[in-house]
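# Descriptive analysis of the structure
In case you want the letters, here they are:
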Amino acid sequence: MRIAITGSSGLIGAALTASLRADDHQVVRLVRRPPRAGAQSGEEVRWDPRAADAGDPALSGVDAVVHLAGAGVGDHRWTAAYKAEIRASRVLATRALASALTATHPAPKAFICASAIGWYGDTGGREVTESAPAGKAFLSRVVHDWEAAADPAREAGIRVAHLRSGLVLGAGGGVLGRLALPARLGVLPRFGDGHQVMSWISLTDEIRAIRFLLDGPGADERSGAYNLTAPNPVSNDELTAALHAAFKRPDFPWLRVPSFLLKLGLGEMSAELLTSARVLPARLLDAGFSFDHATVGAALTAELPR
Ligand SMILES: NC(=O)c1ccc[n+]([C@@H]2O[C@H](COP(=O)([O-])OP(=O)(O)OC[C@H]3O[C@@H](n4cnc5c(N)ncnc54)[C@H](OP(=O)(O)O)[C@@H]3O)[C@@H](O)[C@H]2O)c1
């Protein structure tokens, strides 16, 4: 297949690109910078997330588009300007890309879009599956509008799947990129009371699940929202203990940063650490997907660099 990917330089995009190339698929990286001098023709194509041209020639001859780009949710304090960037880089870019797909002939058959379990908001740790409604917090509203922005592609008959990913545990980025060093030093604190439920997935399973929805057997029948989360979410207490165990460090459950300090230091972004939602991968399991890493210990053993 010929597959175009946005956000291919990110944690998930880089791993997906490598996985697809290893299976001899042709990957077109849609990049925001000028294509590298050494890139082969058609391998890297410049795109502007705010103004994907209708019928962009980069998309003709492409079988599927995987859209992962977006300003990092945990990269900066959520000022009004950065919240606008988080939103625009997802909602406007997805709508522009979806419209561009509909104007491409022949149109790609599939549009696989990143999304997030932020859809559900804080459920107080209650179990939720894909049928649960969106929450009301900032991120829930962004995710709701991000998914809806793919409507033009859906209405044009293109298969659209939304990847409602949990915390992706992979070396070198995402949550592990932030927590691995303090855990390696044995000083990673609990956040708040540590009881909040964190729904996670190993990077390996994230890529396997994307491939399952993109080009796996029966993928043509799979559309709509899928939770990309392992079947065993953990509390922040359990994740912290598992990280210390993975680095063979003692775990001190009394080492905590109280919620009010997190809120003071990080502002609204503290929701990323304190939100509690037990998000289960009902649709992936129903479709016959099996996880390589069903427990957080197995995921950390596999993903952390030795
Ligand atoms: N990692 C997680 O735990 C997680 C969990 C849930 C959902 N997700 C979602 O999955 C997607 C991929 O995640 P990731 O962890 O691979 O993200 P990432 O490492 O932050 O990479 C995202 C990519 O998006 C592009 N990008 C950065 N800033 C941008 C901006 N302002 N406007 C447009 N594009 C921008 C960049 O790619 P280029 O420079 O190549 O354009 C960047 O490499 C994201 O949309 C993220 O919200 C991730």
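Chains are numbered independently. Their residues run from 1 in the order of the written sequence. Totals for whole chains, interfaces and linings use all residues, but because this is a predicted model, local features are given only for residues with pLDDT of at least 70 and pairs of side-chain atoms are given and counted only at 80 or more. Calculation of side-chain values draws on the structure's entire complement of heavy atoms; hydrogens and water are dropped beforehand.

Under an unreviewed UniProt entry, the name given to the protein chain is TIGR01777 family protein, and the organism recorded is Trebonia kvetii. UniProt positions are given in the numbering used here, feature names are shortened, and annotations may be inferred rather than shown by experiment. Per UniProt, the protein chain carries the Sequence similarities (unreviewed entry) text "Belongs to the NAD(P)-dependent epimerase/dehydratase family. SDR39U1 subfamily."

### Let's talk about the pairing of strand β1 (residues 2-6)
Within β1, 4 of the 5 residues are buried, leaving the element largely enclosed by the surrounding structure. Note: two strands are recorded as paired if DSSP finds a minimum of 2 bridges between them. Each helix is a run of H or I in the DSSP string that is no shorter than four residues. Each strand is a run of E no shorter than two, and both are numbered from the N terminus. Two elements, β1 and strand β2 (residues 26-31), share 5 bridges in a ladder whose sense is parallel. Note on β2: the bridge partner recorded for Thr6 is Leu30. In terms of strand pairing, β1 meets strand β4 (residues 64-67) through 4 bridges, oriented parallel. The residue of β4 that forms the bridge with Ile3 is Ala64. Think of it in three bands: with a 1.4 Å probe and only protein chains considered, a residue is buried below 20% of the maximum accessible area for its type, exposed above 50%, and partly exposed in between.

### Brief notes about unusual backbone geometry
The linkage connecting His105 with the following residue, Pro106, adopts the cis geometry, with an omega of -5 degrees. For Asp24, which is not glycine, the phi torsion reads 65 degrees and is therefore positive. You can see Asp24 is positioned in the loop between α1 (11-22) and β2. Its relative accessible area of 71% is what places Asp24 among the exposed residues. The backbone of Lys248 sits at a positive phi, close to 55 degrees, despite the residue not being glycine. Along the chain, Lys248 falls in the loop between α7 (236-246) and β14 (256-257).

### Focus on the nonpolar core
Only buried residues count toward a nonpolar core. Its members are Ala, Val, Leu, Ile, Met, Phe, Trp, Tyr and Cys residues joined through side-chain atoms within 4.5 Å. Grouped together as the largest cluster of nonpolar side chains are 40 residues, with contacts concentrated most on Ile5, Leu16, Val66, Leu68, Leu228 and Leu284. Elements with a contribution of two residues or more to this core: β1, α1, β4, β5 (110-116), α3 (138-148), β7 (159-165), α6 (203-214) and β12 (224-228). Any two residues whose heavy atoms approach within 4.5 Å at even a single point are treated as in contact. For Ile5, the residues in contact, after removing those within four places along its chain, are Leu16, Thr17, Leu20, Val27, Val28, Arg29, Leu30, Val66 and Leu68. Membership of the second largest hydrophobic core comes to 23 residues, among which are Ala180, Ala230, Val234 and Leu304.

### Focus on the packing of α1 against α6
Relative orientation and spacing of two packed helices are given, respectively, by the angle between their axes and the distance between those axes. It is the contact of α1 with α6, at a shortest axis distance of 10 Å, that shows an interaxial angle of 60 degrees. As far as their axial angle goes, α6 and α1 are oblique. Where α1 crosses over α6, the handedness of that crossing is right-handed. Where α1 abuts α6, its residues Leu11, Ile12, Ala15, Leu16, Ser19 and Leu20 lie against Leu203, Glu206, Ile207, Ile210, Arg211 and Leu214. By the convention adopted, Pro, Cys, Tyr, Trp, Phe, Met, Ile, Leu, Val and Ala count as nonpolar, Lys, Arg, Asp and Glu as charged, and the other residues, Gly among them, as polar. Along the lines of polarity and charge, the residues of the contact of α1 with α6 split into 9 nonpolar, 1 polar and 2 charged. Angular values range over 0 to 180 degrees, each being the angle between N-to-C directions of two axes fitted as lines to C-alpha atoms, with helices fitted over their stretch in contact. Comment on the angle field: the value is read as roughly parallel under 35 degrees, roughly antiparallel over 145, roughly perpendicular from 65 to 115, and oblique elsewhere. By definition, any crossing whose near helix is turned counterclockwise from its far helix by less than a right angle is left-handed, and any crossing with a clockwise turn is right-handed.

### Structural notes on the site of the ligand
Any residue with a non-hydrogen atom lying within 4 Å of a molecule or strand is treated as near it. Taken together, 23 residues lie around the ligand, and Ser9, Ile12, Arg32, Glu85 and Arg90 are the ones closest in. Identification of polar contacts relies on pairs of N or O atoms within 3.5 Å, with a donor-acceptor requirement for protein atoms, meaning one able to donate a hydrogen and the other able to accept it, and with residues adjacent in sequence counted only if both atoms are side-chain atoms. Measuring from an oxygen atom of the ligand, one finds a backbone N or O atom of Ile12 at 2.8 Å. For the ligand, a nitrogen atom lies 2.6 Å from a polar atom in the side chain of Glu85. Only the protein chains shown count as cover for residues, and all accessible areas are computed by the Shrake-Rupley method using a 1.4 Å probe. For the ligand, the accessible surface in isolation is 890 Å², of which the surrounding protein chains cover 80%.

### Side note on the pairing of β12
Most of β12 is tucked away: 4 of the 5 residues are buried. Note that β7 and β12 share 5 bridges and pair parallel. Across the sheet, residue His162 finds its bridge partner in β12, namely Ala225.

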